[in-house]
Amino acid sequence: LPGRYAGSEKSVWVEYIQLAMDYKPLNLGQGFPDYQSAPSHVTEALANVAKSPNCLLHQYTRGFGHPRLVSAIAKLYSHLIGREINPHSEVLTTLGAYEALYSTILGHVDVGDEVIIIEPFFDCYEPMVKCAGGIPRFIPLRLRQNFTGELPSSGDWILDQNELEGLFNDKTKMIIVNTPHNPLGKVFKMAELEFIANLCKKWNVLCIADEVYEWIVYKPNKHIRIATLPGMWERTITIGSAGKSFSVTGWKLGWAYGPAHLMLNLQMIHQNCVYTGEAVAMSFEKEIERLDKDECYFKSISCELLAKRDFTAKFLCEVGMKPTIPEGGYFMVADWSPLESKVDLASESDKYKDYRFTKWMTKNIGLQGIPPTAFYSEKHKNLAENFVRYCYFKKDENLQKAAEILHNWK
Ligand code: PMP
Ligand code: GLN
């Protein structure tokens, strides 16, 4: 194996999807809804495309994105970020947000370039940076030192400004900022984004804004697009996902938008497209028409998930776990260590305790979560061993079952 892949051999998704298939637990692991949350116009759009007499919809389209789709994306984000986005030179559609991340990182990072990654992080960032020959530099979000309340919010997980400033140097090529954040659900505040933006400008650094959960934000929190901060458009590539925007994770359609001079590098890496483009374009067109109305899916999805968030936090607390209440997204990280005496950690052989906990729970209690050390660099994995990540984008009935499983166990 080429040296640059060292440490990338294992994937938590490959391992935990298999684990779920083998043991059939109630699955609050991988992030996807277990019911049809997407508005029916979205799935109907796909059915209509499949049935359309226009057989060319099933064939190759424009290499950098189906024309109708890049137009819809440009129209939406021009409105949201208050600047005219050129659908042809400033938008690229991709195979999921994964490929948008891949094209951005591979297209911009040179051998020896440093990339700042905030921990915990969506786990593919590290291998992608290494694949490009770059050097990841990590900085953990830490629970605020003066935190005294009952339950922390994801907003209580913060970056140390001096530590962040200390990572920037003339080898720094980019920083990856994921807001709303997976797995903590943190929605970065204006002051936090401004601090990052000022460092980017000072050191001439690019920003990848992974904003796939942009529509899932609980009031009064507000999603701020870092590309809208002064001087940031020209150095930011923002990434989105139809899988997340419309709750159809299997469609694997994503996009990146940013200034044309930065998008050129992504286009160079990317060269394919998929036919669901037409259906996603139609879905966007419908939602753009009702963007300011409560029934717009981009508004209603957060209301739908808020009740699930609160229910999940409640049952986790009742059994003695300590969740962090997310400000956005559909994941909840909880400290399970108060229950450690009830778990036979020795029966599993993994190095990190959270892996042993989640595997033991899957096999013996029938409830699956994701071990968050997968979202940390080797050096900082110890920070996450007492935690588990649960996805609560599940039918109420299944969340109820999860609660019962935990109560019966306890
Ligand atoms: N970024 C984050 C933060 C994610 O959680 C995910 C999960 N799917 C992705 C990117 C990848 O999205 P997609 O499924 O569209 O490839
Ligand atoms: N983004 C999803 C999660 O964090 C799924 C990622 C994956 O399956 N690779 O759970």
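Look up a bit, the structure's there.
The rules behind each value
Residues numbered from 1 in each chain as written. Chains lettered and ligands numbered in written order. Predicted model: local features only at pLDDT ≥ 70, side-chain atom pairs only at ≥ 80, totals over all residues. Heavy atoms only, no water. Pairing = 2+ DSSP bridges. Helix = DSSP H or I, 4+ residues; strand = E, 2+ residues; numbered from the N terminus. Right-handed = clockwise from strand over helix to strand, strands pointing away. Near = heavy atom within 4 Å. Polar contact = N/O pair within 3.5 Å; in protein donor to acceptor, adjacent residues only side chain to side chain. Areas by Shrake-Rupley, 256 points an atom, 1.4 Å probe, with all protein chains shown as cover. Disulfide = S-S within 2.5 Å. Buried < 20%, exposed > 50% of the residue type's maximum accessible area, 1.4 Å probe, protein only. Contact = heavy atoms within 4.5 Å. Nonpolar A, V, L, I, M, F, W, Y, C, P; charged D, E, K, R; others polar. 1 Å grid on protein atoms, 1.4 Å probe; cavity = no way out; pocket = protein on both sides within 12 Å on 5 of 7 lines; lining within 4 Å. Points joined across faces, edges and corners; volume = space filled by probe spheres on them. Expected span 1.5 Å × (residues − 1). Arc of directions from axis to C-beta. Axes fitted to C-alpha atoms, helices over the stretch in contact; angles between N-to-C directions. Parallel < 35°, antiparallel > 145°, perpendicular 65-115°, else oblique. Phe/Tyr/Trp six-rings, centres within 6.5 Å; stacked < 30°, edge-to-face > 60°. Core = buried A, V, L, I, M, F, W, Y, C linked by side-chain atoms within 4.5 Å.

Draft legend 1. The pairing of strand 4 (residues 135-140), seen in detail. Relative to strand 4, strand 3 (residues 114-119) runs parallel, the two sharing six bridges. Bridge pairing in strand 4 places isoleucine 116 opposite arginine 137. Assessed by its sense of winding, the connection that carries the chain from strand 3 through helix 5 (residues 125-131) to strand 4 is right-handed.

Draft legend 2. Geometry of the site of ligand 2. Lining the immediate surroundings of ligand 2 are Trp13, Gln30, Gly31, Tyr98, Phe122, Asn182, Tyr213, Lys244, Phe331 and Arg389. A distance of 2.9 Å is found between an oxygen atom of ligand 2 and a side-chain nitrogen or oxygen belonging to asparagine 182. Here an oxygen atom of ligand 2 and a side-chain polar atom of arginine 389 are 2.6 Å apart. Within the complex, 88% of the 300 Å² of free accessible area of ligand 2 lies under protein.

Draft legend 3. View of the state of the cysteines. Tallying each qualifying case throughout the model produces zero disulfides. Considering cysteine sulfurs only, cysteine 131 is the nearest to cysteine 124, which forms no disulfide, with 11 Å between them. By relative accessible area, which is 8% here, cysteine 124 ends up buried. The thiol sulfur of cysteine 317 is not disulfide-bonded, and the nearest other cysteine sulfur, from cysteine 391, lies at 18 Å.

Draft legend 4. View of the environment of tyrosine 218. Tracing the backbone shows tyrosine 218 in the loop between strand 8 (206-210) and strand 9 (236-241). Placed eleven residues apart in sequence, tyrosine 218 and leucine 229 show a C-alpha to C-alpha distance of 22 Å. When neighbours within four sequence positions are excluded, tyrosine 218 is seen to be in contact with Ser302, Leu305, Leu306, Arg309, Pro326, Glu327, Gly328, Gly329 and Tyr392. A polar side-chain atom of tyrosine 218 sits 2.7 Å from the main-chain carbonyl oxygen of glycine 329.

Draft legend 5. Molecular detail of the site of ligand 1. Around ligand 1 there are 13 residues in total, and Ala97, Asp210, Tyr213, Ser241 and Lys252 lie nearest to it. Measuring from an oxygen atom of ligand 1, one finds a backbone N or O atom of tyrosine 98 at 3.0 Å. In the model, a nitrogen atom of ligand 1 is placed 2.8 Å from a nitrogen or oxygen of the lysine 244 side chain. Against a free-state accessible area of 390 Å², the protein chains account for coverage of 94% of ligand 1. Top contributing element to the shell around ligand 1 by residue count: helix 4 (residues 96-108), with four residues. Its residues assigned to classes, the shell around ligand 1 comprises six nonpolar, four polar and three charged.

Draft legend 6. Structural view of empty space enclosed by the protein. Overall, the coordinates contain two cavities of 30 Å³ or more when judged by the stated rule. The calculated volume of the largest cavity comes to roughly 60 Å³. Pro120, Trp157, Pro183, Leu184, Val333, Pro372, Tyr376, Leu383, Ala384 and Phe387 together form the lining of the largest cavity. When its residues are assigned to classes, the lining of the largest cavity shows ten nonpolar, no polar and no charged. As a volume, the second largest cavity reaches approximately 50 Å³.

Draft legend 7. Examining helix 7 (residues 190-202) more closely. Taking 1.5 Å of rise per residue, the 13 residues of helix 7 would be expected to cover 18 Å, and the 18 Å separating its terminal C-alpha atoms lies within 8% of that figure. When helix 7 is considered as a whole, its buried residues turn out to be Glu192, Leu193, Ile196, Ala197, Leu199 and Cys200. Projected down its long axis, helix 7 carries its buried residues within an arc of 160°, all on one side. More than 90 degrees from the buried face of helix 7, the exposed residues found are Ala191 and Lys202.

Draft legend 8. A look at the sheet that holds strand 8. Sheet architecture is open: seven strands sit in the order 2-10-9-8-7-3-4, paired in mixed fashion. Taken across any chain shown, the strands that pair with only one partner, and hence form the sheet edges, are strand 2 (91-94) and strand 4. Across this sheet, the average inter-strand angle for adjacent strands is 20°, counted without regard to direction. Here helix 4 sits on the sheet in contact with strand 2, strand 7 (172-178), strand 8, strand 9 and strand 10 (254-257), set at roughly 160° to strand 9.

Draft legend 9. Fine view of the packing of helix 4 against helix 9 (residues 260-269). Where helix 4 meets helix 9, the axes come as close as 8 Å, and the angle between the chain directions of the two elements is 110°. Classed by the angle they form, the pair helix 4 and helix 9 counts as roughly perpendicular. Contacts between helix 4 and helix 9 involve Ala100, Tyr102, Ser103, Thr104, Leu106, Gly107 and His108 from the former and Leu262, Asn265, Leu266 and Ile269 from the latter. Split by residue class, the contact of helix 4 with helix 9 holds six nonpolar, five polar and no charged.

Draft legend 10. Fine view of the packing of aromatic side chains. Under the counting rule described, the total for this entry stands at 24 aromatic pairs. Ring centres 6.4 Å apart and planes at 50° place the aromatic pair tyrosine 77 and tryptophan 255 in the tilted group. Of the two residues, tyrosine 77 sits in helix 3 (residues 67-81) while tryptophan 255 sits in strand 10, which places them 178 residues apart along the sequence. When the ring of tryptophan 215 is compared with that of phenylalanine 298, the centres are 4.3 Å apart and the planes differ by 10°; the resulting orientation is stacked. Taken together, the positions of tryptophan 215 in the loop between strand 8 and strand 9 and phenylalanine 298 in helix 11 (residues 297-318) put the pair 83 residues apart, joining distant regions of the chain.

Draft legend 11. Representation of the nonpolar core. In this structure, Ile175, Phe284, Met321 and Phe357 are the most contacted members of the largest nonpolar core, which totals 135 residues. Broken down by element, this core gets its largest block of residues, eight residues, from helix 3. Setting aside its immediate chain neighbours within four residues, phenylalanine 284 contacts Leu69, Ala72, Ile73, Leu76, Phe246, Trp255 and Phe298.

Draft legend 12. Expanded view of the side chain of glutamate 126. By the element assignment, glutamate 126 lies in helix 5. Beyond its immediate sequence surroundings of up to four residues, glutamate 126 is in contact with Ile117, Phe121, Pro136, Phe138 and Ser377.

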